[in-house]
Amino acid sequence: MSEPPINRSLRSVDDLLRMMDGLFARDSVRWTHDAGSTWWNRFYADRTRPVPFFADKPDENLARWVSDEVFVPTRVLDIGSGPGRNALFLAENGYTVDAVDLSSEAVAWGRERAAARRLEVSFTCGDAFALPPEALSGMYGLVYDSGCLHHLPPHRRISYLQLLQRTLAPGGYLGLACFARGRMGSEAPDEQLYLDGAFEAGIAFSPDDLRWVFADFEEIEIRPMAAQEQDSPWFGESFLLTALFRRPTPDD
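Residues numbered from 1 in each chain as written. Predicted model: local features only at pLDDT ≥ 70, side-chain atom pairs only at ≥ 80, totals over all residues. Heavy atoms only, no water.

As for the side chain of His-155
And step 1. One can find His-155 in the loop between β4 (140-146) and α6 (157-167).
And step 2. Here Asp-21 takes part through its side chain, which lies 2.7 Å from a polar atom of the side chain of His-155.
And step 3. The residues contacting His-155, other than those within four sequence positions of it, are Leu-17, Met-20, Asp-21, Phe-24 and Tyr-194. (Helix = DSSP H or I, 4+ residues; strand = E, 2+ residues; numbered from the N terminus. Polar contact = N/O pair within 3.5 Å; in protein donor to acceptor, adjacent residues only side chain to side chain. Contact = heavy atoms within 4.5 Å.)

Below, the structure written as structure tokens:
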């Protein structure tokens, strides 16, 4: 007589995170390699759609940090890179860039843009939080995220912070742009999101929210993104919040 099936599925943090992924309605899951890549491939399939961040121009905060030499050219990891607008800008300014996105459509578009501008960017299609270490080799002086954090459920912030611990060099910088509280995204408490089982528009963050999430990092700057005119060489929307943090060194 065969043994009954095992009904237990939890014995590690990864098991717990995967189980919590399953608490959300599948059509609202935009962060996993299967459901998330399907959603984002549909999103990027029509390149003619009037989506502001389809424009091939960098975030204004990132452009200002580069212009002001807040950090020198270094190795960069661009997570949730989309069609590569920030990755290409950084490559154009002397940075060595690894760009990762769930969407094969977005990665293909980014590679086409890079080829057209004769820029070297290493694009990878996959889940940045689940890729093997060799896929994101070495330590990065800058990890940049434009629009990834706010599409993650609360429990996946653990994966996000683990990624930073593995990949961001001591003394390196984390730069990001995310939905701003009061302007875009859900303002429900984390617990409520699990009761609802969905967060269609993503999660909103306040400056204090970001300070709490990244409490182990040194705050350099948190401010609203500066809105840009259509003819600006930079991307900027007022519903976004920007932040720059530095990972402390052992000597700090």
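A short note on the packing of helix α2 (residues 35-45) against helix α5 (residues 104-116)
And step 1. One can describe the packing of α2 onto α5 by two numbers: an axis separation of 7 Å at closest approach and a directional angle of 45°. Judged on the interaxial angle alone, α5 and α2 are oblique. Judged by residue contacts, Asn-41, Tyr-44 and Ala-45 of α2 engage Ser-104, Glu-105, Ala-106 and Trp-109 from α5.
And step 2. The residue inventory of the contact of α2 with α5, partitioned by class, reads four nonpolar, two polar and one charged. (Axes fitted to C-alpha atoms, helices over the stretch in contact; angles between N-to-C directions. Parallel < 35°, antiparallel > 145°, perpendicular 65-115°, else oblique. Nonpolar A, V, L, I, M, F, W, Y, C, P; charged D, E, K, R; others polar.)

With respect to α6
And step 1. For α6, the full list of buried residues reads Arg-157, Ser-159, Tyr-160, Leu-163, Leu-164 and Thr-167. For α6, the arc enclosing every buried residue in end-on projection is 160°, short of the 170-degree limit, so these residues lie on one face.
And step 2. Taken together, the buried residues of α6 touch α1 (13-21), β1 (75-79), β4, β5 (168-179), α7 (190-196) and α8 (207-213). (Buried < 20%, exposed > 50% of the residue type's maximum accessible area, 1.4 Å probe, protein only. Arc of directions from axis to C-beta.)

Considering the environment of Gln-162
And step 1. Relative to the helices and strands, Gln-162 resides in helix α6.
And step 2. Along the chain, Gln-162 and Leu-77 lie 85 residues apart, while their C-alpha atoms are 14 Å from each other.

With respect to the packing of aromatic side chains
And step 1. Within the structure shown, the criterion is met by 20 aromatic pairs.
And step 2. Ring plane angle 75° and centroid distance 4.6 Å describe the contact between Trp-39 and Trp-40, whose orientation is recorded as edge-to-face.
And step 3. Given a relative accessible area of 19%, Trp-39 falls into the buried group.
And step 4. According to the relative accessible area criterion, Trp-40 is buried, its value standing at 12%.
And step 5. Joined through ring pairs, the aromatic side chains of Trp-39, Trp-40, Phe-43, Tyr-44, Phe-53, Phe-54 and Trp-109 make up one cluster.
And step 6. Above the face of the Tyr-140 ring, Arg-75 is positioned so that its terminal group lies 4.5 Å from the ring centre. (Phe/Tyr/Trp six-rings, centres within 6.5 Å; stacked < 30°, edge-to-face > 60°. Lys NZ or Arg CZ within 6 Å of the ring centre and 35° of its normal.)

Structural notes on a nonpolar patch on the surface
And step 1. A cluster of nonpolar side chains, namely Leu-10, Leu-16 and Met-19, defines an oily patch on the protein surface of about 240 Å² accessible area.
And step 2. With respect to the helices, strands and loops of the structure, Leu-16 is situated in helix α1. (Patch = residues over 30% accessible without salt bridge, like charges linked within 9 Å, V, L, I, M, F, W, Y side chains within 5 Å. Areas by Shrake-Rupley, 256 points an atom, 1.4 Å probe, with all protein chains shown as cover. Salt bridge = Lys/Arg side-chain N within 4 Å of Asp/Glu carboxyl O.)

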